[in-house]
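Commentary on secondary and tertiary structure
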Amino acid sequence: MNYNLNFSLEFKKDDSCIIYNPEDFVEKPILISVPDVVKLFEDFIETFEEVGIVEQASTRSIQSDKKETDNVSSQEQPFEQKSATTSASLKGLSGTVYICKSKELDEAVLNQFCTELTEYLQVSCSKLAPENFLSEESSLSFSGLREVFEIRNYLAKYTKSKKRTYQEGYIAVFSI
């Protein structure tokens with residue numbers, strides 16, 4: 001399984017679900033896909049809250065739903081069928097997301113994750129040699145190193161920042 005790591009300043013909530021709006025995120029997500037890094041990442045997000053995510057329908061689809069509803073309403077139908085066709089601004093449950101408020105991130109868990117990433121860096125770098133530097137087999141190592149550096153920069157920016165807006169924000173992890 002692969003993951004996208006995101007950061008949002010706030011989420012709109014609907015009961016026990018989060019309403020997905022791509023504009024809520026500060027920057028593009030980071031893809032976590034190298035198997036060894038994914039395993040470390042899964043251990044890290046075990047402490048995050050798992051919630052449902054609902055996609056917000058676009059304005060265009062809401063307007064087309066309304067036209068359909070108006071057309072259906074103008075025809076004679078039983079009450080139950082009419083109420084089922086009323087337009088809604090939310091689509092169905094699309095999946096789950098793991099979230100954690102930046103300031104509530106467990107320091108011990110974060111430190112353990114950083115330790116594991118550091119060990120991964122050391123082991124990956126030690127496997128590289130001039131003989132295999134350009135080989136196809138070392139591509140996975142380079143991809144893993146890139147992901148580790150991206151995760152490090154992302155978490156340093158959003159979890160260690162003194163900016164109040166970042167401290168109030170959420171780390172969000174989507175499984176893809």
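This brings us to the nonpolar core. Core analysis: the largest hydrophobic core is formed by 31 residues, its most contacted members being I32, F41, F44 and F48. Mapped onto this core, the elements with two or more residues apiece are β1 (3-8), β4 (30-32), α1 (35-45), β6 (90-101), α4 (107-127), α5 (139-159) and β7 (170-175). Leaving out residues up to four positions away in the same chain, F44 has contacts with L105, V109, L110, F113 and L155. Judged by nonpolar contacts, the second largest core, of ten residues, contains I18, V51, I53 and I99.

Taking 1.5 Å of rise per residue, the 21 residues of α5 would be expected to cover 30 Å, and the 30 Å separating its terminal C-alpha atoms lies within 8% of that figure. Along its buried surface, α5 packs onto β1, β4, α1, α4, α6 (164-167) and β7.

Orientation of α4 relative to α5, taken along the N-to-C sense of each, is 150°, at an axis distance of 10 Å. As far as their axial angle goes, α5 and α4 are roughly antiparallel. Viewed along their axes, α4 and α5 form a crossing whose handedness is left-handed. Residues L110, F113, L117, Y120, L121, S124 and C125 of α4 pack against L140, S141, G144, L145, V148, F149, I151, L155 and T159 of α5. When the residues that make up the contact of α4 with α5 are grouped by side-chain class, the tally is twelve nonpolar, four polar and no charged.

A few words on the packing of aromatic side chains. All told, the structure shown has 15 aromatic pairs when counted by the stated rule. Summarising the aromatic geometry, the rings of F11 and Y170 are spaced 5.4 Å apart at their centres and angled 50° between planes, so their arrangement reads as tilted. Note that F11 is positioned in the loop between β1 and β2 (12-14) and Y170 in strand β7, a separation of 159 residues in sequence. Clustering of aromatic rings is evident, with ring pairs tying together Y3, F41, F44, F48 and F113.

Looking now at the environment of L121. Here L121 lies in helix α4. Separated by 27 residues in the primary sequence, L121 and V148 have C-alpha atoms spaced 7.6 Å apart. Beyond its immediate sequence surroundings of up to four residues, L121 is in contact with L145, V148 and F149.

Let us now look at the pattern of salt bridges. Close approach of charged atoms lets side chains of opposite charge pair. Overall, the coordinates contain seven salt bridges when judged by the stated rule. Of the charged contacts in the structure, one is a salt bridge between K103 and E168, with a shortest N-O distance of 2.8 Å. With a gap of 65 residues between them, K103 in the loop between β6 and α4 and E168 in the loop between α6 and β7 connect regions that are remote in the sequence. Residue E168 is classed as partly exposed on the basis of its relative accessible area, which comes to 24%. Its salt-bridge partner being E107, residue K160 comes within 3.1 Å of it at the nearest N-O pair. Residue K160 is located in the loop between α5 and α6, and its partner E107 is located in helix α4; the two are separated by 53 residues in the primary sequence. Salt bridges sharing partners connect three or more residues here, namely K101, K103 and E168.

What counts, and at which threshold
Residues numbered from 1 in each chain as written. Predicted model: local features only at pLDDT ≥ 70, side-chain atom pairs only at ≥ 80, totals over all residues. Heavy atoms only, no water. Core = buried A, V, L, I, M, F, W, Y, C linked by side-chain atoms within 4.5 Å. Buried < 20%, exposed > 50% of the residue type's maximum accessible area, 1.4 Å probe, protein only. Helix = DSSP H or I, 4+ residues; strand = E, 2+ residues; numbered from the N terminus. Contact = heavy atoms within 4.5 Å. Expected span 1.5 Å × (residues − 1). Axes fitted to C-alpha atoms, helices over the stretch in contact; angles between N-to-C directions. Parallel < 35°, antiparallel > 145°, perpendicular 65-115°, else oblique. Left-handed = near helix turned anticlockwise from the far one by under 90°. Nonpolar A, V, L, I, M, F, W, Y, C, P; charged D, E, K, R; others polar. Phe/Tyr/Trp six-rings, centres within 6.5 Å; stacked < 30°, edge-to-face > 60°. Salt bridge = Lys/Arg side-chain N within 4 Å of Asp/Glu carboxyl O.

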